[in-house]
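Next come the chains, spelled out residue by residue.
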Amino acid sequence: MCGIIGVAGKTEAVPVLLDGLEKLEYRGYDSAGIAVISKEGKLQVKKSKGRLCVLRERLRDENAPDGMIGIGHTRWATHGEPNDANAHPHLGQQGKIAVVHNGIIENYMEIKKSLLRKGITFCSDTDTEVVVQLLEYYYEKCKNLMDAVYAVLGRIKGAYAMGILCCDYPGQMIAVRQDAPLLIGCGKLGSYLASDVTALLAHTRTVAYMEDGEVAVLTPDSVQFFDRDRSPIEKETHTIKWDVAAAEKGGYSHFMLKEIMEQPEAIRKTVSPRIAGGEICLEELEAAPELIKTVCKIYIVACGSAYHVGMIGKYALEKLLRLPVEACLASEFRYSEPLLDEHTLVIVISQSGETLDSMAALREAKKQGAKVLSIVNVMGSSIARESDVVLYTWAGPEIAVATTKAYTTQMVLLFMLGVYMSKQLGHMDHEEYRTLVEEFSQLPDRAAEVLKDPDEYQKAAFGYFNHNSVFFIGRNIDYALGLEGSLKLKEISYIHSESYAAGELKHGTISLIEPGTLVVALATYAPLIEKSVSNIVEVKARGADVIALSTGETADKIKGQVSQLFVVPKVHPLLQPVLGVIPLQLFAYYVALNRGCDIDKPRNLAKSVTVE
Ligand code: AGP
């Protein structure tokens, strides 16, 4: 939700902070700020409403803070509207301590009232300011920063990743983590903290992932870790293999377009290492055979686009495994008292691996004895670390808020898992297995064919970007695909849209279809193509303007019925949605481009939703 960065370094802090905030801006961008301890031990804070460029402008106009230890923050507002006062870092009223925070302090109002009764005044509406005022309150009493930090951690409840500076401790910075991601980087020129590895790559590839309850003390030459009881602990470090270029735009006008075009490579990186000798090899599962042999029910739990992967996966896995499979929204799953036991497999899908709703669902599942397998893109993320088994999509860093390559690689990996399990459970004949393995291998090239002529979608989008309401209709797996097509369009073009089961339209919603209404008909699922054609005729009879998506096999049934037809290569029915989504991504991208929207950072959104 927010991005935090900190450096305890041997060079000027401001350039490191601004560079890091630029990499983190996709996590939240309604305000930004930095705090630096000057060489004289003075805390200097600069913060502004608006994008990072507004802060940069301000630092150019005023004298930028000097000093080598600092913290920075890009905000996605939770408590308090986006303005200068609510921007982070927040200072205590003595001006001695500064804090940046990602997460939500659930009992902040109760603490705020107790501090107000003690005569402490506030200048913002945020929960974060309550933390820094409480910190200063304890610090004034005990005159020891770590004592004050642990006293505060004993009072606050909720999710927090925080960077803390105190002008009486000019040589150090403190990091704390609870239910919000925080990494510590160790480099030649200093120590770093960040919400996301992309903010550190320019300075170090050696990172440690903080766990819940841990506290770290960072100096330019060292990092000490402590557990929730303040006992010193040793942390394992990891080497990040992502290259910096992979996290840059690479000449594309938007990260989203770059990531759409990267999909063949992302699929290749996810599939190829898992196919050897004509077999699908999931070594992550070889150590946990019971996960497959004893499973009686599967839940696929996720949010947003990851949930849409689950909706498609439900159709696929039920066919492959002949087991009941439910796709659930994580935010609903955790409060629906699901009936789970040791024979339940819960598959959690998450690009960031930090979505709090999905994390909470994972913990609920484990509490009830279910086995948890996660499909995650970010290595070492919280969901990955708390799963019994994790399958990584090797899509590389995904920066655009609207997911594309993570979505397709999640889907491919989920299908690979289904085929692998089906073979293990003896439900798949050898011939079909070999065909599927071959089709997985060819999928990158098929995806590249769809991307051969993106202008086709740019031209089509030019004719439709002025619509205010768009319906996606489809049957079976096409309906689930429409959910993603609709979300992509809504997210980045701000056009209202919904995806409807085509057979359900006549039970009410068709009343909304009027002359000129744009309907996107998805008709790639061959067994129901006749039904899909009749649904197209149905909406056209009410004046709808219909564009459609088909395969080489279904195109002939539709050609001439619609004003625009996108055709993707025919592949195994199981894998068809992997190709089907690409035209929908490009259509949404070019519609948003024509509408002048901020495609990589859509309003009100953030890349990783780490609050409930
Ligand atoms: C998709 O384009 C959105 N950015 C959003 O729906 C996202 O898929 C959802 O928040 C889940 O994120 P995750 O995959 O990181 O858990």
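Since we're looking at a predicted model, the values are computed, not measured. (Residues numbered from 1 in each chain as written. Predicted model: local features only at pLDDT ≥ 70, side-chain atom pairs only at ≥ 80, totals over all residues. Heavy atoms only, no water.)

Participant: How do you make sense of empty space enclosed by the protein when you look at a structure like this?
Facilitator: Empty pockets left among the atoms are what a rolling probe the size of a water molecule brings to light. Tallying each qualifying case throughout the model produces two cavities of 30 Å³ or more. Considered as a void within the structure, the second largest cavity measures approximately 40 Å³ in volume. For the second largest cavity, the full set of lining residues is Glu-290, Leu-291, Thr-294, Val-295, Glu-342, His-343, Thr-344, Leu-345 and Lys-371. Mapped onto the lining of the second largest cavity, the elements with two or more residues apiece are helix H9 (290-293) and strand E20 (344-350). Grouping the constituent residues of the lining of the second largest cavity by class yields three nonpolar, three polar and three charged. (1 Å grid on protein atoms, 1.4 Å probe; cavity = no way out; pocket = protein on both sides within 12 Å on 5 of 7 lines; lining within 4 Å. Points joined across faces, edges and corners; volume = space filled by probe spheres on them. Helix = DSSP H or I, 4+ residues; strand = E, 2+ residues; numbered from the N terminus. Nonpolar A, V, L, I, M, F, W, Y, C, P; charged D, E, K, R; others polar.)

Participant: It is not clear to me how the nonpolar core should be interpreted in this structure. Could you clarify?
Facilitator: Ile-298, Ile-347, Leu-373 and Phe-440 are the most contacted members of the largest nonpolar core, which totals 98 residues. Considering each element in turn, this core owes the most residues, twelve residues, to helix H20 (residues 576-594). Those residues in contact with Ile-347, other than ones at most four positions away along the chain, are Ile-298, Tyr-299, Ile-300, Val-301, Leu-317, Leu-373, Ile-375, Leu-414 and Leu-417. Of all hydrophobic cores here, the second largest spans 32 residues; its members include Val-99, Ile-105, Leu-135 and Tyr-138. (Core = buried A, V, L, I, M, F, W, Y, C linked by side-chain atoms within 4.5 Å. Buried < 20%, exposed > 50% of the residue type's maximum accessible area, 1.4 Å probe, protein only. Contact = heavy atoms within 4.5 Å.)

Participant: Quick question: what am I supposed to make of the pairing of strand E2 (residues 31-37) here?
Facilitator: A regular strand carries its side chains on alternate faces of the sheet. Most of E2 is tucked away: seven of the seven residues are buried. A two-sided burial pattern is seen for E2, the buried positions comprising Ser-31, Gly-33, Ala-35 and Ile-37 on one face and Ala-32, Ile-34 and Val-36 on the other. Relative to strand E3 (residues 43-49), E2 is paired through seven bridges, and the arrangement is antiparallel. Paired with Ala-32 across the strands is Ser-48, a residue of E3. The hairpin turn running from E2 into E3, its antiparallel successor, is five residues long, and Gly-41 in that turn takes a positive phi close to 85°. By the bridge criterion, seven bridges tie E2 to strand E4 (residues 69-75) in an arrangement that is antiparallel. Each bridged residue has a counterpart across the sheet, and for Ile-34 the counterpart in E4 is Gly-72. (Pairing = 2+ DSSP bridges.)

Participant: Any chance you could explain the site of the ligand here in plain terms?
Facilitator: Lining the immediate surroundings of the ligand are 15 residues, of which Ser-350, Ser-352, Thr-355, Val-401 and Glu-491 lie closest. The contact in question runs from an oxygen atom of the ligand to an N or O atom on the backbone of Thr-403, over 2.9 Å. Separating an oxygen atom of the ligand from a side-chain N or O atom of Glu-491 is a distance of 2.6 Å. Protein coverage of the free-state accessible area of the ligand, which is 410 Å², stands at 91%. Because more than half of its atoms lie within 2 Å of the grid, the ligand is assigned to the second largest pocket. Contributions of two or more residues to the shell around the ligand are made by helix H10 (304-321) and helix H17 (477-493). Split into classes, the residues belonging to the shell around the ligand amount to six nonpolar, seven polar and two charged. (Near = heavy atom within 4 Å. Polar contact = N/O pair within 3.5 Å; in protein donor to acceptor, adjacent residues only side chain to side chain. Areas by Shrake-Rupley, 256 points an atom, 1.4 Å probe, with all protein chains shown as cover. Sits in = over half its atoms within 2 Å of the grid points.)

Participant: Explain the packing of aromatic side chains to me, please; I cannot follow it from the model alone.
Facilitator: Aromatic ring pairs are defined here through the distance separating the ring centres and the angle between the ring planes. Here the structure, examined in full by the defined rule, presents eight aromatic pairs. Measuring from ring centre to ring centre gives 5.7 Å for Phe-462 and Phe-465, while their planes differ by 40°; the resulting arrangement is tilted. Aromatic pair Tyr-464 and Phe-587: ring centres 6.3 Å apart, planes at 55°, arrangement tilted. With Tyr-464 in the loop between helix H16 (455-462) and strand E23 (469-474) and Phe-587 in helix H20, this residue pair connects regions lying 123 residues apart in the sequence. Take Tyr-464 and Phe-587: they sit in the same class, and that class is buried. One aromatic cluster is present, formed by Tyr-457, Tyr-464, Phe-566 and Phe-587 through successive ring pairs. Over the aromatic face of Phe-122 sits the side chain of Lys-112, whose NZ or CZ is 4.8 Å from the ring centroid. Geometry around Tyr-494 places Arg-603 over its ring, the cationic atom sitting 3.8 Å from the centre. (Phe/Tyr/Trp six-rings, centres within 6.5 Å; stacked < 30°, edge-to-face > 60°. Lys NZ or Arg CZ within 6 Å of the ring centre and 35° of its normal.)

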